Amino acid sequence: MDTSRTFPIAAEPYEFEFTPAKCALLIIDMQRDFLEPGGFGEMLGNDVSQLRRTIGPNRLLLAAWRARGLAVIHTREGHRPDLGDLPPAKKIRGRSASCIGDTGPMGRILVRGEPGHDIIPELYPLPSEPVIDKPGKGAFWATDLHAILQNRGITQLVVTGVTTEVCVNTSVREANDRGFDCFVPSDCVGSYFPEFQEMGLRMIKAQGGIFGWVGHSTALLDVLQ
Ligand code: TIU
């Protein structure tokens, strides 16, 4: 297969011109604290099964990307152990009994280096795959992601991960404003809330694809296999 070729694949609002060699797989925040039973997400009362259904499809997509030698980038949401990069507004938001930096079920909540902050074993990064540690919801803000993508000649992103309406949507919008074409496979992104899953995807593809394209991972796998 010639990865520099362009393959039109099924998507909404219209087909996506997939050029594998120019397309990075950007996996957003598949962290233990968001996805694992007993983690921070579940502690807040969320149904982690809504996110866990994305693990299988992400594994298949990641395996296909790796097999073709294409660019894979992972992100993690979290903060410095001294919390110097945690805005006070983010720390106190929610008036929860436990907040970011406090000791949770898997170590200090959303603090780099703690077990709950790390990526789930099913999708663990290879040493060659950049891991972007981001203090915000978007993958571009206060990170070196844009430079890494530009230096590799990447112009397209397949964006997967959690959660659809929060970090995935924010990152897609940031990428779109920086000139990247984003394809979001609906089976590879998850929300704790089914209604936000649906609306989060509809907002991306509305108005002629105002932020990007939405499709299914099988359309990508059909090209890569
Ligand atoms: N990664 C990400 O989406 N962070 C969140 O805090 N998401 C929620 O839905 N809360």
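Here, every reference points to the structure presented above.
Quick caveat: nothing in here was measured; it's all calculated off a predicted structure.

(A) Region of the structure containing the overall build of the protein chain. The helix and strand inventory of the protein chain stands at 9 helices and 11 strands. Compactness check: the protein chain gives a C-alpha radius of gyration of 17 Å against a globular reference of 17 Å for 225 residues, within 12% of the reference. Once the C-alpha set of the protein chain is aligned to its principal axes, its extents read approximately 50 × 35 × 30 Å. In the protein chain, which comprises 225 residues, the proportion classed as buried is 52%. Surface exposure of the protein chain reaches about 9900 Å², of which carbon and sulfur atoms provide 53%. Charge separation in the protein chain, taken as the distance between the mean sites of 23 positive and 27 negative side-chain charges, equals 3 Å.

(B) Representation of the nonpolar core. Counting residues in hydrophobic clusters, the biggest one holds 41 residues, and the most contacted among them are Ile9, Phe18, Met30, Leu61, Trp65, Val158 and Phe183. Secondary-structure elements contributing two or more residues to this core are strand E1 (7-9), strand E2 (16-18), strand E3 (23-28), helix H1 (32-35), helix H4 (55-67), strand E8 (156-162) and helix H9 (217-224). Once residues lying within four places of it in the same chain are set aside, the contact partners of Leu61 are Leu25, Val158, Thr160, Pro185, Cys188, Ser217, Leu220 and Leu221. Grouped together as the second largest cluster of nonpolar side chains are 25 residues, Leu26, Ile154, Cys167 and Val184 included.

(C) Quick peek at the packing of helix H7 (residues 164-177) against helix H8 (residues 194-209). The interhelical angle for the contact between H7 and H8, taken along N-to-C directions, is 10 degrees, at an axis separation of 10 Å. Compared by their axis directions, H7 and H8 come out roughly parallel. In contact with Thr164, Glu165, Asn169, Val172 and Arg173 of H7, H8 contributes Phe196, Gln197, Gly200, Leu201, Met203 and Ile204. Its residues assigned to classes, the contact of H7 with H8 shows 5 nonpolar, 4 polar and 2 charged.

(D) Layout of the pattern of salt bridges. Using the criterion set out here, one finds 12 salt bridges in the structure. The residue Arg52 makes a salt bridge to Glu122 at a minimum N-O spacing of 3.7 Å. Residue Arg52 is located in helix H3 (residues 49-52), and its partner Glu122 is located in the loop between strand E6 (107-108) and strand E7 (131-134); the two are separated by 70 residues in the primary sequence. Overall, Glu122 belongs to the partly exposed group, its relative accessible area being 27%. Its salt-bridge partner being Arg112, residue Asp85 comes within 3.3 Å of it at the nearest N-O pair. Of the two residues, Asp85 is situated in the loop between strand E4 (72-77) and helix H5 (88-92) and Arg112 in the loop between E6 and E7; the sequence distance between them amounts to 27 residues. By relative accessible area, which is 24% here, Arg112 ends up partly exposed.

(E) Fine view of the pairing of E7. The two faces of E7 differ: Ile132 and Lys134 on one face are buried, but Val131 and Asp133 on the other face are not. Note that E4 and E7 share 4 bridges and pair parallel. The residue of E7 that forms the bridge with Arg76 is Asp133.

Parameters at a glance
- Residues numbered from 1 in each chain as written.
- Predicted model: local features only at pLDDT ≥ 70, side-chain atom pairs only at ≥ 80, totals over all residues.
- Heavy atoms only, no water.
- Helix = DSSP H or I, 4+ residues; strand = E, 2+ residues; numbered from the N terminus.
- Rg over C-alpha atoms; globule rule 2.2 N^0.38 Å.
- Buried < 20%, exposed > 50% of the residue type's maximum accessible area, 1.4 Å probe, protein only.
- Areas by Shrake-Rupley, 256 points an atom, 1.4 Å probe, with all protein chains shown as cover.
- Lys, Arg positive; Asp, Glu negative; His and termini not counted.
- Charge placed at Lys NZ, Arg CZ, Asp CG, Glu CD.
- Core = buried A, V, L, I, M, F, W, Y, C linked by side-chain atoms within 4.5 Å.
- Contact = heavy atoms within 4.5 Å.
- Axes fitted to C-alpha atoms, helices over the stretch in contact; angles between N-to-C directions.
- Parallel < 35°, antiparallel > 145°, perpendicular 65-115°, else oblique.
- Nonpolar A, V, L, I, M, F, W, Y, C, P; charged D, E, K, R; others polar.
- Salt bridge = Lys/Arg side-chain N within 4 Å of Asp/Glu carboxyl O.
- Pairing = 2+ DSSP bridges.

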